[in-house]
Amino acid sequence: MFLYDNYFKQRLQALKDNGSYRYFLEVNKSAQHFPHFYYQDAGGVQRSAVNWCSNDYLCMSTREEVIAKLGFVTHRSGTASSGTRNISGTTVHHKELETTLAAWHKKEAALLFNGAYAANVTTLQTLGRHIPGLIFISDERNHASLIEGMRGAGNEKRIFRHNNVEELEQILKAIPLETPKLLVFESVYSISGTIAPVKEIITLARKYNAMTYVDEVHAVGLYGETGAGIFEQEQLQNEIDILNGTLSKAIGVFGGYIAASAVIIDFIRSYGSGFIFTTSLPPAVCSAATKSIQLIQQHPEWRQEFRNNVQLLRRTLQENQVEFSTNDSHITSIPVRDAVRCRQLANELLQKQGVYLQPINYPTVPKGEECLRIIVTARHLVKHINHLAFSLSKIIHGDDQAHRTGFPAFAAATGDSEAAH
């Protein structure tokens with residue numbers, strides 16, 4: 001007889017033993033005090049900490065204009081759409097947002113999903129299942145949602161080493177020109193922070209007759225003249241076939257989308273079960289996202305403030321002799337290379353220094369590449385950055401090294417409410 005509960009318990013214990021078990025901290029987020037938040041420790045005491053792992057890059061979720069728009073439309077339209085897109089779930093707010101997204105990415109149309117993960121899985125599975133003989137060509141570091149979408153389609157898949165355009169060309173060259181193929185990659189990779197060589201990839205795709213699919217979730221809102229992403233920055237928006245983006249990171253609301261030609265969007269809309277059979281986003285969420293995008297387009301100085309913070313963070317880490325990954329993006333990772341140690345460091349940073357950094361372990365990264373990923377935002381101040389670098393040096397290297405930096409302890413570690421102001 002198979003003992004189901006025993007099996008589940010054994011597998012969970014294995015995760016705990018190797019450091020891969022995921023613990024959820026119950027964050028009491030404050031729009032007024034961000035990046036500070038509140039939580040209760042194991043003894044039930046309310047404490048304060050600084051959030052260094054939120055993807056709310058431009059802090060749009062805390063901006064009064066976006067919050068006000070969400071509240072206004074909620075009162076007018078209610079809290080939910082209460083239907084799929086073809087059964088009462090398409091409102092004027094959904095169409096306005098899709099039109100805004102299509103124009104932003106210089107595409108004919110866009111299609112909303114309840115998350116970028118759902119958008120990736122549904123789109124890739126739909127293309128794979130309906131294009132006869134389609135071969136996926138995938139970067140080895142692609143996000144889990146891209147991998148799941150390709151796996152679920154069941155098509156042949158060929159993998160090239162991360163950002164290796166020479167190997168990519170060899171793979172493309174070996175596939176007949178007439179064979180349908182879809183090249184799948186990200187513009188900014190979420191852990192390493194590397195940026196894809198998009199110009200070279202697009203050139204190869206055109207040379208060997210491959211469609212292209214890019215995940216821009218960590219680039220949308222941050223790069224390009226109006227914040228549309230890496231493809232806007234590189235002036236290649238007309239060259240990418242399908243672009244995936246999120247409303248949940250730099251835009252600061254919720255949901256995901258794809259942008260493409262009108263015929264591709266209509267195809268996914270008509271054949272994608274993950275779109276057809278899912279209740280649509282609440283109208284107020286769509287309206288708030290539209291407002292956020294408009295503000296991002298109108299305020300390039302917010303992106304500049306964000307970039308300045310990224311540069312300041314890295315200079316301060318160097319001054320404190322804290323090792324971090326080097327790349328051309330905004331993502332900064334502290335290599336730890338051991339899952340148990342990664343969890344220990346995160347716990348000490350939170351409990352002793354009021355610094356909230358979540359460990360990034362397998363399966364998010366391969367075993368041996370465990371790290372602490374730092375996400376700085378537009379609202380992190382110089383004092384926050386100084387304290388983070390001081391805390392990392394103190395916890396990683398020990399008290400003697402940290403004391404030589406000259407940075408004082410920070411009030412957030414004490415849990416005092418003043419630290420949140």
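Just so it is clear, the structure is predicted and the values come from calculations on it, not from any experiment. (Residues numbered from 1 in each chain as written. Predicted model: local features only at pLDDT ≥ 70, side-chain atom pairs only at ≥ 80, totals over all residues. Heavy atoms only, no water.)

## Let's talk about the pairing of strand β2 (residues 36-40)
Burial analysis of β2 places 4 of its 5 residues in the buried class, the great majority of the element. Summarising the sheet, strand β1 (residues 28-29) and β2 pair through 2 bridges and their orientation is antiparallel. Residue pairing in the sheet places Lys29 in a bridge with Phe37 of β2. Counted along the chain from β1 to the antiparallel partner β2, the turn is 6 residues long. Relative to strand β3 (residues 46-51), β2 runs antiparallel, the two being bridged by 5 bridges. (Buried < 20%, exposed > 50% of the residue type's maximum accessible area, 1.4 Å probe, protein only. Helix = DSSP H or I, 4+ residues; strand = E, 2+ residues; numbered from the N terminus. Pairing = 2+ DSSP bridges.)

## Things to note about the pattern of salt bridges
Enumeration according to the criterion identifies 14 salt bridges in this entry. Connected through salt bridges with shared partners, the residues Arg85, Lys95 and Glu98 form a single ionic network. (Salt bridge = Lys/Arg side-chain N within 4 Å of Asp/Glu carboxyl O.)

## With respect to the sheet that holds strand β12 (residues 355-356)
Overall, mixed pairing links the 4 strands, which are arranged β1-β2-β3-β12 in an open sheet. Whereas interior strands pair on both sides, the edge strands pair on one side only; in this sheet they are β1 and β12.

## A short note on helix α11 (residues 283-298)
Under the 1.5 Å per step criterion, the end-to-end length of α11 is 23 Å for 16 residues, consistent within 8% with the ideal 22 Å. With 12 of its 16 residues buried, α11 lies for the most part within the structure. Considered for burial, the residues of α11 that qualify are Pro283, Ala284, Val285, Cys286, Ser287, Ala288, Ala289, Thr290, Ser292, Ile293, Leu295 and Ile296. Buried residues along α11 sit in contact with α2 (64-77), α3 (92-104), β4 (109-113) and α12 (300-319). (Expected span 1.5 Å × (residues − 1). Contact = heavy atoms within 4.5 Å.)

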